[in-house]
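# Structural overview for review
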Amino acid sequence: MRRAAEDGLRVKAVGTGHSFTAAAATDGVLIRPELLGGVREIDRAAGTVRVAAGTPLHHLNEALAAEGLSLTNMGDIMEQTVSGAVSTGTHGTGRDSASLAAQIVALELVLADGSVLRCSATEHPEVFTAARLGLGALGVISEVTFAVEPSFLLTAREEPMPFARVTEEFDQLVAENEHFEFYWFPHTEGCSTKRNNRSAGPARPLPAVRGWIDDELLSNGLFQAVCSLGRALPGSVPPVAKISSRALSARTYTDIPYRVFTSPRRVRFIEMEYAVPREAAMDALRELKALVERSDFRVSFPVEVRTAPADDIPLSTASGRDTAYIAVHMYRGTPHEPYFTAAESIMTAHGGRPHWGKVHSRDAGYLREVYPRFAEFTALRDRLDPHRVFGNDYLRRVLGE
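Now for a look at the structure at hand. As the structure is a computational prediction, the values presented were derived from the model and not from experiment.

### Some thoughts on the nonpolar core
Of all hydrophobic cores here, the largest spans 59 residues; its most connected members are Leu-60, Phe-146, Leu-315, Trp-356 and Leu-399. Sequence-distant contacts of Leu-399, defined by excluding residues within four places in its chain, comprise Leu-135, Ala-137, Leu-315, Ala-364, Phe-374, Phe-377, Thr-378 and Arg-381. Ranked by size, the runner-up nonpolar core spans 34 residues in total, among them Phe-163, Phe-170, Val-174 and Val-303.

### Observations concerning the packing of aromatic side chains
For the coordinates displayed, the defined rule picks out ten aromatic pairs. Put simply, the rings of Phe-20, Phe-223, Phe-269 and Phe-301 pair up and form one aromatic cluster. It is Arg-198 that lies over the ring of Phe-152; its NZ or CZ is 3.6 Å from the centre. Here Arg-362 stacks its cationic end above the ring of Tyr-366, 5.1 Å away from the centre of that ring.

### Concerning the pattern of salt bridges
Summed over all chains, the structure comprises 31 salt bridges. A salt bridge links Glu-67 to Arg-44; the nearest nitrogen and oxygen atoms lie 2.9 Å apart. One end of the pair, Glu-67, is in the loop between helix H2 (57-66) and strand S5 (69-70); the other, Arg-44, is in the loop between strand S3 (39-43) and strand S4 (48-52), with 23 residues separating them in the sequence. Under the relative-accessibility criterion, Glu-67 is labelled partly exposed at 40%. Relative accessible area serves as the criterion here: at 52%, Arg-44 is assigned to the exposed category. Taking the shortest distance from any N to any O, the salt bridge between Glu-158 and Lys-194 comes out at 3.9 Å. Of the two residues, Glu-158 is situated in strand S10 (residues 153-162) and Lys-194 in strand S12 (residues 190-199); the sequence distance between them amounts to 36 residues.

### Considering the sheet that holds strand S6 (residues 104-110)
Ordered by their spatial adjacency, five strands build an open sheet running S3-S4-S8-S6-S7, and the pairing between neighbours is antiparallel. The open sheet has two edge strands, S3 and strand S7 (116-120), and neither has a second partner. Taken pair by pair, the neighbouring strands of this sheet meet at an average axis angle of 15 degrees, ignoring direction. Pairing of S6 with S7, which is carried by five bridges, proceeds in the antiparallel orientation. Along S7, the bridge assignment pairs Glu-108 with Arg-118. Across the face of the sheet, H2 comes into contact with S3, S4 and strand S8 (140-147) while running at roughly 145 degrees to S4.

Cut-offs used in this document
- Residues numbered from 1 in each chain as written.
- Predicted model: local features only at pLDDT ≥ 70, side-chain atom pairs only at ≥ 80, totals over all residues.
- Heavy atoms only, no water.
- Core = buried A, V, L, I, M, F, W, Y, C linked by side-chain atoms within 4.5 Å.
- Buried < 20%, exposed > 50% of the residue type's maximum accessible area, 1.4 Å probe, protein only.
- Contact = heavy atoms within 4.5 Å.
- Phe/Tyr/Trp six-rings, centres within 6.5 Å; stacked < 30°, edge-to-face > 60°.
- Lys NZ or Arg CZ within 6 Å of the ring centre and 35° of its normal.
- Salt bridge = Lys/Arg side-chain N within 4 Å of Asp/Glu carboxyl O.
- Helix = DSSP H or I, 4+ residues; strand = E, 2+ residues; numbered from the N terminus.
- Pairing = 2+ DSSP bridges.
- Axes fitted to C-alpha atoms, helices over the stretch in contact; angles between N-to-C directions.

Everything listed here is a matter of geometry and, on its own, says nothing about what the molecule does.
Below, the structure is given as structure tokens:
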């Protein structure tokens, strides 16, 4: 940082490149995190783990599991670095437990002048409040301290359910389960639901063969073939989707958290996700379904719906409101712009907030209106990085000059 400042260069830290946006792009110095990894300290009495910023989430999850510990909640992909994941708002689904950023209890930042600042709820709290989800605009995260708890078991119940039933019972399904999510398959009336709840045990993991068939052969191998067919022959998408949705089957298993929350995702795609007020979610989803039905879009990827409770992070997509996430995807190499543009118009009509690491077209003018604490964040940015050492084109668009 000091050398870059002396040379008048801008700086960005990059993680694993998981984001779909140019949030980490720079024409200056790009800091890569491979050597800034590993668990530095586990404090069982405090219930915390201190971890270097470049540590991949899967390494963190495995290290915690080996110590009989776990994060409370997590997303369904764990290839990102911890700093990249929190900086862009990575989240899973939860009735009461929130995003990764909301589980942070302390941070270490390298600021634009090369100084190191540690922050928490009691130490530089105004920086801590915002930097938990900072888009790389406030400094380079060098270390993260998460709250952790003794490892527990989750029972996952996955089953197909008709679209009408899921949408009608959505509020009840969210209220009755610690973690509820579902996928709707465009061009069909079919959904796949997943309910994760804590269990007294015993552990009953998926049998190895069943897990491989479901997660590798079907969810990745066969799905890859279906998507490739749809890209080559778009007219095949609706009939194949109807067949696929009818082939869904139920399964139940019990395991440690990261083996339930996360799953392999090997089929490449492009994604847009919006966070809408939870009470508006099913209306927005029905509008999206009607859009697909009246259009000539051919969508081979399911639409994912998850939830999060309100949190107190200024730029969190769940800041100040109970939230539902609606994510649309298209197979890589398939034209996505018309579908995403139409879906985005539905989400923004409901006051939607775009995921910071996924495709969207919003700018600071729009975002200022849907984030009540937007000015609080930008004022802190002005103080910590007045010369925009950490700036780039993406931040100029979403945060302003």
